[in-house]
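Residues per chain are reported as follows:
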Amino acid sequence: MATYAKPTPGEGAYKSPWLQAHFDKLASLKAGNEGLCLADVDGKGEGSLVVADATGKLRVFSGVRQRSEHPIASQGEPCAVTSFYADDRLPRVPAVAVAAGPHVYVYRSLRPFVRFTTPQIDIDEKEIDVWRQDSDAPTTRSLLRSLHDGGARLSPRSLACLPMEGEQLEDHVQRCRSIPFSTQDVVTCLSSVKKSLDEPDAQGLLVIGTESKLCLVLDQTCTTVTARVRLPSAPVAIKTSGVFDVDWRAYVACRDDRVYTLTSGEHKGSVVIRRPHIELETAIVGIAPGDKCVYVATADSSIRCFAAKARKQFTLHTPALYQCGNHAIEQTQSLKVDVHAGTDHKFRTLGPQRAKRSDTHTSGSDERRRPHVQGQGFGRRFAGRRTHSSVSVRSLL
């Protein structure tokens, strides 16, 4: 398998089959997997790369250069960004939603439009009584630890107090007693779902996951919660499919190494957790919904495919750790492939013919049976019966 070698200055800049869309050593982009999205910010049919930078800026790249930069009015670090159509007006221009701290900022035409703030967390009355007592710092910590051991859900200020000692504990207790006792929830992940039509430019709704184990679905104005459901654990990633008013699914990866499926309840606008759940033995690093299935990538460098009722279809072991993935459809050939990127700068794709056995490895004889695809024309090669291929890529940024 040929690998990409960076050409020296003045030598063979066009020998590689890959287009170097953007390369800037001084770009200084700091963003996770959920901090990137593609959006047609002008409504002209040309996608732009939208990046929620960790420095608190929304940066937009079009073509080979940075188009604009917009400050995010939040003291917290952005954790997720997504694009969706917030209304039915013409021309069709998607909005961009950025989650940072307890807020979700919605930009329309790259201008601030509306801000949603998560509901405040209900605090246990026993915890409030402990903080109102005029006791010393070690006694306060001991009482809070007793509540925690008894199964009470403590606020962040109380959880931070438990491991502290000495002067750090004294300063923390004195500072917290002078602050009003209210706790704001924090957004951990963000996604969107089509509202009533399954069209590329149909109106969508925001789906938000919070630190207090809540999953919220907002209305069209992005100011009111339409539906909510409490999860067994805090969510870290949300992927959706379907139409909210008809039949939809939300695959939520949580910190307890499980994937929960959310769907419509018996009453209109209600959301319930569908059983059984997808349980894994290692940490989840990414999920991607496919065609009537969901792909779950774990920290042991493997990708598992699950169908309805959490039935595992196969396991694919990859040479590198999963970074991100998506489900792609090539309209000209009616070809559906699932693309996954790894830490070794390679795209790995799952073709239309799935592995018939439960486990599929990409080492030894399987590597010879499924040759790598490099460079141009990789769409034609997927017309065959391969179940796994890889493409060498360069990091764009």
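Predicted model only: the values in this text are computed from it and were never measured. (Residues numbered from 1 in each chain as written. Predicted model: local features only at pLDDT ≥ 70, side-chain atom pairs only at ≥ 80, totals over all residues. Heavy atoms only, no water.)

A. Inspection of the sheet that holds strand β1 (residues 36-39) at higher detail. Judged by pairing direction, the sheet is antiparallel, and its 4 strands sit side by side in the order β1-β2-β3-β4 without closing on themselves. The sheet terminates laterally at β1 and β4 (65-71), the two strands that pair on one side only. Each neighbouring strand pair of the sheet contributes to a mean axis angle of 25 degrees, computed without reference to strand direction. Pairing geometry for β1 and strand β2 (residues 48-53), over 4 bridges, is antiparallel. The partner of L36 across the bridge, within β2, is V51. (Pairing = 2+ DSSP bridges. Helix = DSSP H or I, 4+ residues; strand = E, 2+ residues; numbered from the N terminus. Axes fitted to C-alpha atoms, helices over the stretch in contact; angles between N-to-C directions.)

B. Examining the packing of aromatic side chains more closely. Going through the model one piece at a time under the given rule, you end up with 1 aromatic pair. Considering the side-chain rings of F244 and W248, the 5.2 Å spacing of their centres and the 55 degrees angle between planes classify their relative orientation as tilted. Across the pair, W248 and F244 agree in class, each one buried. One cation-aromatic arrangement involves R108 over F113; the distance from NZ or CZ to the ring centre is 3.8 Å. (Phe/Tyr/Trp six-rings, centres within 6.5 Å; stacked < 30°, edge-to-face > 60°. Buried < 20%, exposed > 50% of the residue type's maximum accessible area, 1.4 Å probe, protein only. Lys NZ or Arg CZ within 6 Å of the ring centre and 35° of its normal.)

C. Fine view of the confidence of the model for the protein. For the protein, mean pLDDT is 78; residues scoring 70 or higher make up 73% of the total. In this model residues 9-14 is a low-confidence stretch, pLDDT under 50, and it forms 2 contacts with partners more than four residues away in sequence or in other chains. Predicted confidence for residues 354-397 stays below pLDDT 50, and this span has 99 contacts to residues more than four positions away or in other chains. (pLDDT = per-residue confidence, 0-100. Contact = heavy atoms within 4.5 Å.)

D. Up close: a positive patch on the surface. A surface patch of like charges, here positive, comprises R153, K213, R228 and R230. Structurally, R153 is set in the loop between α2 (137-149) and α3 (156-161). (Patch = residues over 30% accessible without salt bridge, like charges linked within 9 Å, V, L, I, M, F, W, Y side chains within 5 Å. Areas by Shrake-Rupley, 256 points an atom, 1.4 Å probe, with all protein chains shown as cover. Salt bridge = Lys/Arg side-chain N within 4 Å of Asp/Glu carboxyl O. Lys, Arg positive; Asp, Glu negative; His and termini not counted. Charge placed at Lys NZ, Arg CZ, Asp CG, Glu CD.)

E. Layout of the pairing of strand β8 (residues 111-117). For strand β7 (residues 103-108) and β8, the ladder comprises 6 bridges, and the chain directions are antiparallel. Looking at the pairing, V106 lines up with V114 of β8. Here β7 folds back onto β8, and the loop between the two strands holds 2 residues, one of which, S109, carries a positive phi near 55 degrees.

F. Structural context of the sheet that holds β7. Taken in spatial order, the 4 strands make up an open sheet running β5-β6-β7-β8, and their pairing is antiparallel. Edge strands, defined here as strands with exactly one partner in the open sheet, are β5 (78-84) and β8. Direction aside, neighbouring strands of the sheet carry axes that sit 20 degrees apart on average. As judged from the 6 bridges shared by strand β6 (residues 95-100) and β7, these two strands associate in the antiparallel manner. Paired with A97 across the two strands is V106, which belongs to β7.

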